[in-house]
Amino acid sequence: GLWILGEYCVTEQQIMAFMEMVNESIGPLPIVDTEIRESTQDGVEGEDVGKTPAATTTSSRVTADGTYATQSALATTTTTSDDKPPLRKFLLAGDFFIGAALATSLTKIALRLESPGVARNRLVAQCMLVLASIIHLGKSSLPKKPISDDDVDWLSLCIRVINDRSPLLVQIFTRACRSSLQDMIGSISREELTETEKTLVRTDVDALINFSHLVNMNDNKAVDELELSLLQATEGTKKRESDVTTTALSKVYQLTGFSDPVYAEAYINVNQYDIVLDVLVVNQTPDTLQNLTLELATLGDLKLVDKPSPITLAGNDFCNTKAQVKVASTETGIIFGNIVYDITGVSGDRSCVVLNDIHIDIMDYIVPGHCSDQEFRKMWAEFEWENKVAIQTNVTDMTAYLSHLLKCTNMACLTPTQALSGDCGFLAANLYAKSVFGEDALANVSVEQDAITGCLSGHIRIRAKSQGMALSLGDKITMSQKKEQGA
């Protein structure tokens, strides 16, 4: 409200009315002197101030010698009346962000009033007195929370701008701020319009109609033959480079070595809260293996539901066995274990082959999300777990690094594209993602580019409600940076 009033009070009558409202809302000045004077007067005036009439209560008590005596008690209740102006209440409570917003508004109206004379000088003096009183209050011991250094710097800058009236700063405060607001509102409107257009389903007049009779049901996969042939005719049959990483082979983990008596590899199929391990077991010896058992254990918020049953494997034979794991949160989970078996005709202890660990990728449970700036700031203040990751990369373009970060973390950038454009030596952006378990993940990226070498430096601060979420995302970012440096 203060920002809007300071921005759109243009005429002299509006400016004077706004200044009168500020004086009423902040109370008598200077703030520190008036507060000390009021507290001193309250202590001198005595006990009658703010007190209700005394109430007398009597009760009968038995003395030590057995006689009865009457005891009287005088009770008084004190009532406090908080009749301070609203702005003064916030400042005494330590909310000096409102003081910084008030400084911006007072600076704008002081620079916007162009009529020379006593009226302008009086307005400028009042604005500077209000700002100096706020700084003095923040550095005193009266407020519940002291003022921050950023607020002090901003208030001091506003006083200097009002005093100097530099043409450049006058243009920034009176015109550039409003144009920036219009650009921000326009960018938000364009983004909302783009999101609306994405959700609309449009069908052209000459669009093709798909018939279910043309669908080939072989291999339990419904493929439209006509659409597939048209796609091959228009785009060709050449596969993209990214198709290799999205195939089923990327989900295959080698569990044992090729020289082990038993070779095993697992294909991981993730289905929201369940993980199904399809394990291929190969007997690389000519002996028959009896009671071959796949023993698995989990670390983290993972729970083994179905244990594989023992099997008998002939020489140089193979088989498939399955195990199901339940996932409870996005904390990084590890599946480990071994394969134990008996050899037919050989007595003694059971043989054992230790399996490689399987690290569950949390990216399978994280999806990009969107929230407002108010919700982001509220969650940022509430979440207690924070993980700070240093930026170490070979990329020299800040926008390209941000795109790489969004790709490897499945997070969405909340900062508008217009705010990220332009040539400058730093970049700051807010990221947000949500897990399938309802957990929120926040990230703040602060990147700075060296003017000489062009290298990027900075930090990524991750906040989440659970420790596992914050640590898992931090590990994912660190691993992606190591792979990028190795490449």
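A brief structural summary. (Residues numbered from 1 in each chain as written. Predicted model: local features only at pLDDT ≥ 70, side-chain atom pairs only at ≥ 80, totals over all residues. Heavy atoms only, no water.)

## Some points on the environment of Ala 381
Along the polypeptide, Ala 381 turns up in helix H10 (residues 373-382). Sequence separation of Ala 381 and Arg 463 is 82 residues, and the distance between their C-alpha atoms is 9.4 Å. (Helix = DSSP H or I, 4+ residues; strand = E, 2+ residues; numbered from the N terminus.)

## Re helix H2 (residues 12-26)
Helix length check: H2, at 15 residues, gives a terminal C-alpha distance of 21 Å against a target of 21 Å (1.5 Å per residue), a fit within 8%. Those residues of H2 lying buried are Ile 15, Phe 18, Met 19, Val 22, Ser 25 and Ile 26. Looking down the long axis of H2, one finds its buried residues gathered within 125° of arc, a one-sided arrangement. Within H2, the exposed residues directed more than 90 degrees away from the buried face are Gln 13 and Glu 24. Positioned one or two residues after H2, Gly 27 has a phi angle of 85°, which is positive. (Expected span 1.5 Å × (residues − 1). Buried < 20%, exposed > 50% of the residue type's maximum accessible area, 1.4 Å probe, protein only. Arc of directions from axis to C-beta.)

## Some points on the pairing of strand S7 (residues 274-283)
Strand direction decides the pairing type here: strand S6 (residues 262-271) and S7, joined by ten bridges, are antiparallel. Bridging across to S7, Val 262 finds its partner in Asn 283. Strand direction decides the pairing type here: S7 and strand S11 (residues 318-327), joined by nine bridges, are antiparallel. For Val 282, the partnering residue across the bridge sits in S11 and is Phe 318. (Pairing = 2+ DSSP bridges.)

## Looking at helix H6 (residues 118-139)
The end-to-end C-alpha distance of H6 is 32 Å, a good match for the 32 Å that 22 residues give at a rise of 1.5 Å each. Taken as a whole, H6 has its buried residues at Leu 123, Val 124, Cys 127, Val 130, Leu 131, Ser 133, Ile 134, Ile 135, Leu 137 and Gly 138.

## Here we look at a nonpolar patch on the surface
Where nonpolar side chains cluster on the molecular surface, the patch consists of Trp 3, Ile 4 and Tyr 8 and spans about 300 Å² of accessible area. Positionally, Trp 3 belongs in helix H1 (residues 2-8). For Trp 3, a relative accessible area of 31% puts it in the partly exposed group. (Patch = residues over 30% accessible without salt bridge, like charges linked within 9 Å, V, L, I, M, F, W, Y side chains within 5 Å. Areas by Shrake-Rupley, 256 points an atom, 1.4 Å probe, with all protein chains shown as cover. Salt bridge = Lys/Arg side-chain N within 4 Å of Asp/Glu carboxyl O.)

## Some words on the packing of helix H5 (residues 97-112) against helix H7 (residues 149-164)
Interhelical geometry of H5 versus H7 gives an angle of 10° and a closest axis separation of 10 Å. Considering their axes alone, H5 and H7 lie roughly parallel with respect to each other. Contacts between H5 and H7 involve Phe 97, Gly 99, Ala 100, Ala 103, Thr 104, Leu 106, Thr 107, Ala 110 and Leu 111 from the former and Asp 151, Trp 154, Leu 155, Cys 158, Val 161 and Ile 162 from the latter. Its residues assigned to classes, the contact of H5 with H7 shows eleven nonpolar, three polar and one charged. (Axes fitted to C-alpha atoms, helices over the stretch in contact; angles between N-to-C directions. Parallel < 35°, antiparallel > 145°, perpendicular 65-115°, else oblique. Contact = heavy atoms within 4.5 Å. Nonpolar A, V, L, I, M, F, W, Y, C, P; charged D, E, K, R; others polar.)

## Remarks on the packing of H2 against H5
At their nearest, the axes of H2 and H5 sit 11 Å apart, and the two run at 150° to each other. Overall, the two elements H2 and H5 adopt an arrangement that is roughly antiparallel. Judged by the twist between their axes, the crossing of H2 over H5 is left-handed. On H5, the residues that touch Ile 15, Phe 18, Met 19, Val 22 and Ile 26 of H2 are Leu 102, Ser 105, Leu 106, Ile 109 and Arg 112. Taken together, the residues of the contact of H2 with H5 sort by class into eight nonpolar, one polar and one charged. (Left-handed = near helix turned anticlockwise from the far one by under 90°.)

## Focus: the pattern of salt bridges
All told, the structure shown has ten salt bridges when counted by the stated rule. Among the salt bridges present, the one from Glu 35 reaches Lys 84, with a minimum N-O distance of 3.2 Å. Here the residue Glu 35 occupies a position in helix H3 (residues 31-44), and Lys 84 occupies one in the loop between strand S2 (68-75) and helix H4 (86-92), the gap between them amounting to 49 residues. Residue Arg 88 pairs with Glu 35 through a salt bridge whose shortest N-O separation is 2.9 Å. One end of the pair, Arg 88, is in helix H4; the other, Glu 35, is in helix H3, and 53 residues separate them in sequence. A relative accessible area of 2% means that Arg 88 is categorised as buried. Three or more residues joined by partner-sharing salt bridges are found here, namely Glu 35, Glu 38, Lys 84 and Arg 88.

Keep in mind that these numbers describe shape and distance, not what the molecule does.
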